[in-house]
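What follows is the residue order along each chain.
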Amino acid sequence: MIIARNRPLMGENRNGGLAAALGWATVALMTAAAAAVIISLTGA
Amino acid sequence: MTTSADTGKAPVPAAAPRAAQPSRLRRVWDTLGPGLVTGASDDDPSGIATYAQAGAQFGFGLLWTALITLPLMMAVQEICDRTALATGKTLGELARAHFGQWARACIGVLIVALVVANTLNIAADLVAIGSGMALLHAGPSWLWALIAGAAITALIFLGGFTRIQQVFKLLCLSLLSYVAVLFFAAVRWKTVGLDTLVPHVTWSRAYLSLLVAVLGTTISPYLFFWQTANRVEEMRAEDTGGDSPLPLARRTTLGAKGKTRSSRFDVFTGMRS
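Residues numbered from 1 in each chain as written. Chains lettered and ligands numbered in written order. Predicted model: local features only at pLDDT ≥ 70, side-chain atom pairs only at ≥ 80, totals over all residues.

Caption draft 1: Quick peek at the overall build of chain A. Scanning chain A from terminus to terminus reveals 2 helices and 0 strands. Each of the three principal axes of chain A carries a C-alpha extent, and together these read 45 × 20 × 10 Å. Taken across its 44 residues, chain A has 16% of its residues classed as buried. (Helix = DSSP H or I, 4+ residues; strand = E, 2+ residues; numbered from the N terminus. Buried ≥ 20, exposed ≤ 12 C-beta atoms within 10 Å, placed from the backbone.)

Below is the structure:
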């Protein structure tokens, strides 16, 4: 996500608003899923 | 009949036969590649096993997750693909070149974990192939797991990108069997519709564990890396740019637009498969 919003690198192909919103939503969802796995493994 | 010798004019070469235009289906097939293969690879045996477990335990109860994960997957894969198109570099190369020391160290740890997870995933996939063949009474599962592993390894080492791409694309057609199953299975479409549109979350450990498993197997990080690596390989195999992938910025405006459009179609088709 950080690379995809880098203007010098991506030029006019950098992320638009919708792609950024969906991308960060995925990051949040995967972080929550990873946290859930860690919590279940530690038995908390 | 008047010949060129009679008229004194230079002989006019016969009109070259018009090159046969590929059919529409053929053009669509040629457009598909890294996106289709990456998307189809998400339906790996371990993924199917997870989905089957979800279905066996909760029926259509987890179907609503598809409505959420599909647009997210499509977006993320398209973003990954676009970074490869724009830069001509894979995700790993970009991370190495553009992140600082600490970020690179974090990514390195994550990649080591990913390598371990991928190794286990590949082992699970090979075992699942063997089990599938055993179910068809084709012989012992270990033998088919071994054959599948050896065949894939040989293909990677001996076949070039184009050959591997063709084989994988053909294998993607096997996913059409899921469509065929719909004609034989008695599907309760009303329940499917309701469970897809209205989430019914059960606050039990089993349900939540499967929910996480479904999310994890659907949105797999290896797909991000594979998408970019596969696209870069495809760009390398193109006629333009020699052995180096030609980034969008170094293409003509029309060429860049066409490549972006066809790649997006490829990725979205793969994600829907």
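And the narrative resumes.
Caption draft 2: Structural detail: the interface of chain B and chain A. Across the boundary between the two partners, chain B contributes 21 residues, which contact 19 residues of chain A. The element best represented in the side of chain B that touches chain A is helix H5 (residues 64–87) of chain B, accounting for 11 residues. (Contact = placed C-beta atoms within 7 Å.)

Caption draft 3: Representation of the nonpolar core within the structure. Residues and elements named next belong to chain B. Core analysis: the largest hydrophobic core is formed by 24 residues, its most contacted members being Met-73, Ala-75, Val-76, Ile-79, Cys-80, Leu-91 and Phe-224. When residues of this core are traced back to their parent elements, those giving at least two are H5, helix H6 (91–98), helix H13 (221–237) and helix H14 (253–272). Top contributing element to this core by residue count: H5, with 10 residues. In contact with Leu-91, other than residues within four places in its own chain, are Cys-80, Thr-83, Phe-224, Phe-225 and Thr-228. (Core = buried A, V, L, I, M, F, W, Y, C linked by C-beta atoms within 7 Å.)

Caption draft 4: Representation of the packing of helix H7 (residues 101–135) of chain B against helix H8 (residues 141–158) of chain B within the structure. Residues and elements named next belong to chain B. Look at H7 against H8: their axes get within 7 Å of each other, and the N-to-C directions meet at 130 degrees. On the basis of their axis angle, the class for H7 and H8 is oblique. Taken as a pair, H7 and H8 cross one another with a handedness that is right-handed. On H8, the residues touching Leu-126, Val-127, Ile-129, Gly-130, Ser-131, Met-133 and Ala-134 of H7 are Ser-141, Trp-142, Trp-144, Ala-145, Ala-148 and Gly-149. By residue class, the composition of the contact of H7 with H8 is 9 nonpolar, 4 polar and no charged. (Axes fitted to C-alpha atoms, helices over the stretch in contact; angles between N-to-C directions. Parallel < 35°, antiparallel > 145°, perpendicular 65-115°, else oblique. Left-handed = near helix turned anticlockwise from the far one by under 90°. Nonpolar A, V, L, I, M, F, W, Y, C, P; charged D, E, K, R; others polar.)

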